Amino acid sequence: VKPLFEQDHYEVLEVPRDTGPDGIERAYRLILSTYGEDSLATYSMVHGADSAAIRERVETAYRVLSDAESRRSYDSSLGGGRPSPDLEFDETPEISMEPPKVSSEPFDDLDEAGDYDGARLRRARLRRGVDLDEIARRTKVGSNYLTYLEDERFAELPPRVYVRGFVMAFAACIGLDAVSVAESYMRRYDAERPRQRRRFYRGT
Amino acid sequence: VRRQAIAIPVGGGKGGVGKTFLVANLATALARAGYRVVAADVDLEGANLHTCVGVPDPGPSLADFVARRSTDIRELLVDTPIPNLRILAATHGSFGAPQPRQAERVRLMRQLRELDADFVLVDLGAGTHPAVVDYFMIGEAGIVVITPEPTSIENAYSFLRAAFYRRLELAMLSHQVREVVALAMDERNERGIRTPLDLLREVRALDPEEGARFVETMRAFRPRLVVNEARTAEDVKLGFSVRSVCRKFFGIEAEYLGYVNHDEAARRSVRSRRPVVESNPGSDAAIYLERVARKLVAGLGRPDPRADGAS
């Protein structure tokens, strides 16, 4: 138990010492949003100069740990003294009522069975902490279409071939297997699509 | 040999964040998984847990315990439509019914822990008054419910701080140290003690042995966080952020149990007075709630009831 300003770089980013570059990157982004200017979680806890100081500590930690060279020399300066802090950054692995099944992948949603419907896509996305806007930015698929994918408003979507492409891009963007997700989603699309008509008129 | 029940208090400081909703659904999820569960409502003023689990008029309730019509809460448990789930309701029968006094709270908590059940979930009222916060000491696995809004987050920090300080007050032996703890409970104290880490510094300076006990108490305190009414990825991350604040400023290791998304199915379930995990298990909210329940159980190391055998 140490105050923030006595913490080492790993403790600042809240990662164990053997965290890989991806983990460092993820932890950095999370901490940055936690201690950002208008963060919901911290505005009542830290103010003005303090929050700037924290951000600076975070930036320094990230600068040192994200570069292999500087991280190595920092590690040797820490010495072998204390083992890595017993904190885990990752969302705890998925667990079932049956014997706990452990997965090392953060934000994993392998516990769900069945087809990838819109709601499951949304759950998978939220679990990875990704907003639709971010997917839209990265995939160049309009965020309204992404919304329709999740809401299964098939009639609002362009022809089938595009839908499949959208799903693949969406899935890949959140780290799912694009081909199998698309296959699963399109099964549902094919079953449901004929039942949905584009409605030009409300009511009867 | 019967094990003690695992008591899980559910609080959060602010009213309307979904404490009762969560208690009703977690209790139902655990009962459906085969555990024997009691859900207890200790909020005599805003009590309505019984409604959420489909018991319109519970009859006996905590009010009978407070009014000394019964001294044994086992007599006050009521069955629910959900197999394996019983409740201790808290109806507000008479206006101005008193909240239990501290000695009664202590007795109540002891009796709750001794119930013949696997889990006892305790639905706390709102606020950070000792009459509320003390119930958080009933078990180590207390859950704090937050929603993604400033008022909820602020109250959650106040709640955690109050819960931790009350616990500390009981753990500290020296009179002098206890006085400093009492002082720190006032958030605007003149010594500038804002967080448990500030307080630890003071306590260490006064008495290193008490400092060691302080750290022990800190380590044992592992609140669980649940974000309710999550709508965006930002909301989902909030649990991690609050956990980070607990760690960096309070020195407290919280566990992020998970989140429950904003779902119309959940709203409808409340209106139909049935837990959503039972009435609409395929809904988004139910899937998230089941996930929280599984994670809660896994962290508590209670074996699968179905693997237990008939012994």
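Residues numbered from 1 in each chain as written. Chains lettered and ligands numbered in written order. Predicted model: local features only at pLDDT ≥ 70, side-chain atom pairs only at ≥ 80, totals over all residues. Heavy atoms only, no water.

(A) Up close: the overall build of chain A. Helix and strand counts for chain A come out as nine helices and zero strands. Ordered by position in the sequence, the α and β elements of chain A form the string α-α-α-α-α-α-α-α-α. Expressed as a percentage of its 204 residues, the buried residues of chain A come to 46%. Summarising the internal contacts of chain A: among those between residues at least 6 apart in sequence, 58% fall at separations of at least 24. With the model as given, the accessible surface of chain A reaches about 11200 Å², and the carbon-plus-sulfur share is 51%. (Helix = DSSP H or I, 4+ residues; strand = E, 2+ residues; numbered from the N terminus. Buried < 20%, exposed > 50% of the residue type's maximum accessible area, 1.4 Å probe, protein only. Contact = heavy atoms within 4.5 Å. Areas by Shrake-Rupley, 256 points an atom, 1.4 Å probe, with all protein chains shown as cover.)

(B) Expanded view of the nonpolar core. Residues and elements named next belong to chain B. Membership of the largest hydrophobic core comes to 94 residues, with the highest contact counts inside it found for Leu 62, Leu 88, Leu 108, Leu 112, Leu 199, Phe 214 and Val 242. With 10 residues, the top contributor of residues to this core is helix H6 (residues 150-171). Once residues within four sequence positions are removed from consideration, Leu 108 is found in contact with Val 42, Leu 62, Phe 65, Ile 73, Leu 88 and Tyr 135. Ranked by size, the runner-up nonpolar core spans 45 residues in total, among them Phe 21, Ala 31, Val 260 and Val 297. (Core = buried A, V, L, I, M, F, W, Y, C linked by side-chain atoms within 4.5 Å.)

(C) Molecular detail of the interface of chain B and chain A. Contact with chain B, which involves 46 residues of that partner, is made by 43 residues of chain A. Summing the contributions of chain B and of chain A, the shared interface buries around 3700 Å²; its carbon and sulfur component is 60%. For the chain B face of the interface with chain A, the top three residues by lost area are Lys248(B), Arg291(B) and Arg294(B), together amounting to 18%. Between Glu14(A) and Arg247(B) there is a salt bridge, with the nearest N and O atoms lying 2.4 Å from each other. (Buried area = accessible area lost by both parts, 1.4 Å probe. Salt bridge = Lys/Arg side-chain N within 4 Å of Asp/Glu carboxyl O.)

(D) View of the environment of Ile174(A). Residues and elements named next belong to chain A. Residue position: Ile 174 is located in the loop between helix H8 (160-173) and helix H9 (178-192). Assessed through its relative accessible area of 4%, Ile 174 is described here as buried. Measuring from C-alpha to C-alpha, the distance between Ile 174 and Ile 135 comes to 8.1 Å, with 39 residues separating the pair along the chain.

(E) Molecular detail of the packing of aromatic side chains. Using the criterion set out here, one finds 16 aromatic pairs over all chains in the structure. Where Tyr28(A) meets Tyr62(A), the ring centres are 3.7 Å apart and the plane angle is 10°; that geometry is what we call stacked. Of this pair, Tyr28(A) sits in helix H2 (residues 21-34) while Tyr62(A) sits in helix H3 (residues 48-66), and the two are 34 residues apart along the sequence. Looking at Tyr62(A), the relative accessible area reads 18%, which means it is buried. Between Phe164(B) and Tyr165(B), the aromatic rings sit 6.1 Å apart at their centres with planes inclined by 45°, giving tilted as the arrangement. By the burial criterion, Phe164(B) is buried, and Tyr165(B) matches it. A connected cluster of aromatic rings, assembled from ring pairs, spans Phe136(B), Phe159(B), Phe164(B), Tyr165(B), Phe214(B) and Phe221(B). For Arg120(A), the ring lying beneath its charged end belongs to Tyr116(A), and the centroid distance is 3.9 Å. (Phe/Tyr/Trp six-rings, centres within 6.5 Å; stacked < 30°, edge-to-face > 60°. Lys NZ or Arg CZ within 6 Å of the ring centre and 35° of its normal.)

(F) Molecular detail of the sheet that holds strand E6 (residues 143-146) of chain B. All names here are of chain B. Taken together, the eight strands give an open sheet; going across it, the order is E3-E4-E2-E5-E1-E6-E7-E8, and neighbouring strands pair in mixed fashion. The open sheet has two edge strands, strand E3 (78-79) and strand E8 (255-261), and neither has a second partner. Note that strand E1 (residues 6-11) and E6 share two bridges and pair parallel. Its bridge partner being in E6, Val 10 is matched across the sheet by Ile 143. Helix-sheet contacts for helix H1 (residues 19-32) involve E1, strand E2 (37-41), strand E4 (85-88), strand E5 (119-123), E6, strand E7 (224-230) and E8, and the interaxial angle to E5 is about 170°. (Pairing = 2+ DSSP bridges. Axes fitted to C-alpha atoms, helices over the stretch in contact; angles between N-to-C directions.)

(G) Structural view of the pairing of E4(B). Residue and element names in this part refer to chain B. Bridge count for E2 against E4 is four bridges, and the pairing is parallel. When the bridges of E4 are listed, Ala 39 appears paired with Ile 87. By the bridge criterion, two bridges tie E3 to E4 in an arrangement that is antiparallel. Residue pairing across strands places Asp 79 opposite Arg 86, the latter belonging to E4. Remark: five residues form the turn of the hairpin made by E3 and E4, two consecutive strands paired antiparallel; Asn 84 in that turn has positive phi of roughly 75°.

(H) Focus on H2(A). Counted at 1.5 Å a residue, the expected span for H2(A) with its 14 residues is 20 Å, and the 20 Å between its end C-alpha atoms agrees. Along H2(A), the positions that sit buried rather than exposed are Gly23(A), Ile24(A), Ala27(A), Tyr28(A), Leu30(A), Ile31(A) and Thr34(A). (Expected span 1.5 Å × (residues − 1).)

(I) Highlighting the pattern of salt bridges. Counted by the stated rule, this structure contains 31 salt bridges over all chains. Here Lys248(B) and Glu14(A) are joined by a salt bridge, their closest N and O atoms 3.1 Å apart. Of the two residues, Lys248(B) is situated in helix H10 (residues 233-250) and Glu14(A) in the loop between helix H1 (9-13) and H2; the pairing between them involves two chains. Lys248(B) gets classed as buried once you look at its relative accessible area, which sits at 2%. You can call Glu14(A) buried: its relative accessible area is 5%. In this structure, Glu255(B) and Arg224(B) form a salt bridge, with 3.4 Å as the shortest nitrogen-oxygen distance.

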